[in-house]
Amino acid sequence: MVSVVEPLIRPDDTSGLIKEIIDMSDIKFDEAIKKLEKIVEALEKGELSLEDALDKYEEGVKFANLCTKKLEQAERKVNILSRSENGKLVRKPFKEE
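Residues numbered from 1 in each chain as written. Predicted model: local features only at pLDDT ≥ 70, side-chain atom pairs only at ≥ 80, totals over all residues. Heavy atoms only, no water.

S.K.: Just checking my understanding: could you explain helix α2 (residues 29-45) for this structure?
M.R.: Along an α-helix, a turn takes 3.6 residues, which lines up residues three or four apart on a common side. Under the 1.5 Å per step criterion, the end-to-end length of α2 is 25 Å for 17 residues, consistent within 8% with the ideal 24 Å. Considered for burial, the residues of α2 that qualify are Ala32, Leu36 and Ile39. Buried residues along α2 cover an arc of 60 degrees about the axis, so they all sit on one side. Structural note: α2 exposes Asp30, Lys34, Lys38, Glu44 and Lys45 on the side pointing more than 90 degrees away from its buried face. Looking one or two residues beyond α2, the residue adopting positive phi is Gly46, at roughly 75 degrees. (Helix = DSSP H or I, 4+ residues; strand = E, 2+ residues; numbered from the N terminus. Expected span 1.5 Å × (residues − 1). Buried < 20%, exposed > 50% of the residue type's maximum accessible area, 1.4 Å probe, protein only. Arc of directions from axis to C-beta.)

S.K.: Even after reading the chapter, I still don't get the pattern of salt bridges, so can you show me in this structure?
M.R.: Should the charged atoms of two oppositely charged side chains come close, the side chains can pair. Taken as a whole and judged by the stated rule, the model has two salt bridges. Two residues, Lys62 and Glu58, come together in a salt bridge whose shortest N-O distance is 4.0 Å. Taken as a pair, Lys62 and Glu58 lie in helix α3 (residues 50-80) at a separation of four residues, close to a single helical turn. Its relative accessible area of 32% is what places Lys62 among the partly exposed residues. (Salt bridge = Lys/Arg side-chain N within 4 Å of Asp/Glu carboxyl O.)

As structure tokens, this is what we get:
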């Protein structure tokens, strides 16, 4: 008996991709960095097959992009802090882009 496996995301179905993006945004920065470090270690060992290495690389790019996004968000929040006329720090509202 032959079974056919359907791809997780068909070209006409982006719901899986959307779910993955939502799941990635729930990951905290420190957790993403740790996962990225493990991926780099696995790739540096050089023991993965080409296919597995490409999968790990793709996963690593996703975590690197996530970390970059979270760092940019943190930087924007820090930049929102400003000094009032009397010299005290005042927090201004931050609107997510």
